[in-house]
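Structural overview
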Amino acid sequence: MKTTKAKGFTLIELIVVIAIIGVLAAILVPTMLGYVTKSRCSSANANAKSFFNAINSSLVDLDSEGVDVSTIASVTTLGKTISNTNLQTKVANYFADYTKLDGFMYSINGGACTAVVIKTGAYYGSYPRPTSVDNPAQGATNVSTQCKTEPTLAQAGASAGNQGGNQGGQNP
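One structure accompanies this document, and this report is about it. (Residues numbered from 1 in each chain as written. Predicted model: local features only at pLDDT ≥ 70, side-chain atom pairs only at ≥ 80, totals over all residues. Heavy atoms only, no water.)

1. Side note on the overall build of the protein chain
What counts is decided by this rule: Strands are runs of DSSP state E lasting at least two residues, helices are runs of H or I lasting at least four, and both sets are numbered from the N terminus onward. Only protein chains enter the calculation, and the probe is 1.4 Å; a residue is then buried if its accessible area is under 20% of its type maximum, exposed if over 50%, and partly exposed in between. Contacts are assigned to residue pairs with any non-hydrogen atoms lying within 4.5 Å of each other. Using a 1.4 Å probe, accessible areas were evaluated by the Shrake-Rupley method; residue-level cover was limited to the displayed protein chains.
Regarding its fold elements, the protein chain presents four helices and four strands. Along the protein chain, from the amino end to the carboxyl end, the secondary structure elements read α-β-α-β-β-β-α-α. For the protein chain, the proportion of its 172 residues judged to be buried stands at 33%. By sequence separation, contacts in the protein chain at least 24 residues apart represent 67% of the contacts at least 6 residues apart. On the protein chain, roughly 10,000 Å² of surface is accessible, and the fraction owed to carbon and sulfur atoms is 58%.

This is how it looks when you write it as structure tokens:
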């Protein structure tokens, strides 16, 4: 009688392969999470730059229309409101997605935007000094919190003496 040898893997071979996969996963998962955090920080900073450019373009438009832009107030606390309705209309023309931001604040000084901080999801972005994993906001302690800590307008680039801008503002 002819005997046939069973085909397949032994239990020991399967356990070794599963152990190797487990070790690789334990090494790769934290690395991948770091890349996800960096990409979300980059996305938030890109939105902050777009918002910054939209505000400055809007201020130029308003100035060319004869509006005294030096009276437009800064927004120094995270929220979803632009301080001036004319500015709000113009910003929507340049960056319509600003309404999808979870919050923003900006500093206007001398008729120009000097700094912006935005929040998208759990991540903050800023411009002209972007918050990143390599350059975290004050109070951040590790990779998971570096872009999740709200930076101040001064950290975002507004000069310390002018981060509030003109608080009087107008809202025609």
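2. Examining the state of the cysteines
Quick reminder of the rule: When two cysteine sulfur atoms are found within 2.5 Å, that pair is recorded as a disulfide.
Here the structure, examined in full by the defined rule, presents one disulfide. Between the sulfur atoms of Cys 41 and its disulfide mate Cys 147 the distance is 1.8 Å. When the S-S torsion is 130°, as for the bridge of Cys 41 with Cys 147, the disulfide is right-handed. With Cys 41 in helix H1 (residues 11-64) and Cys 147 in the loop between helix H3 (143-146) and helix H4 (153-156), this residue pair connects regions lying 106 residues apart in the sequence. Residue classification places Cys 41 among the buried residues on the basis of a relative accessible area of 2%.

3. Concerning the nonpolar core
For the record, the criterion: In these notes, a set of buried Ala, Val, Leu, Ile, Met, Phe, Trp, Tyr and Cys residues joined through side-chain atoms within 4.5 Å is what counts as a nonpolar core.
Ranked by size, the top nonpolar core spans 34 residues in total, and within it Phe 51, Ile 55, Leu 87, Tyr 106 and Val 116 carry the most contacts. When residues in this core are grouped by element, the largest group, nine residues, is from H1. Leaving out residues up to four positions away in the same chain, Phe 51 has contacts with Ile 82, Val 91, Phe 95, Tyr 98, Phe 104, Tyr 106, Val 116 and Ile 118.

4. What about the sheet that holds strand E4 (residues 123-127)?
The cut-off we apply is this: Between any two strands, at least two bridges found by DSSP are needed for them to pair. Fitting a line to C-alpha atoms yields each axis, with helices limited to the stretch in contact; the angle taken between N-to-C directions then spans 0 to 180 degrees.
As summarised here, the arrangement of the four strands in space is E1-E2-E3-E4, forming an open sheet in which the pairing is antiparallel. Strands with a single pairing partner mark the edges of an open sheet, and in this sheet they are strand E1 (75-79) and E4. Sheet twist, expressed as the average angle between the axes of neighbouring strands with direction ignored, equals 10°. Sheet topology places E1 next to strand E2 (residues 103-109); two bridges connect them, and they run antiparallel. The partner of Gly 79 across the bridge, within E2, is Phe 104.

5. A short note on the pattern of salt bridges
As a reminder, the rule being used: The term salt bridge refers to a side-chain nitrogen of Lys or Arg lying within 4 Å of a carboxyl oxygen of Asp or Glu.
One pass over the structure, following the stated rule, counts two salt bridges. For Glu 65, the salt bridge goes to Lys 90, with nearest N and O atoms at 2.5 Å. Of this pair, Glu 65 sits in the loop between H1 and E1 while Lys 90 sits in helix H2 (residues 85-94); the two residues are 25 residues apart in sequence, bridging distant segments of the chain. Judged by relative accessible area, which is 48%, Glu 65 ranks as partly exposed. The exposure class of Lys 90 is buried, given its relative accessible area of 17%.

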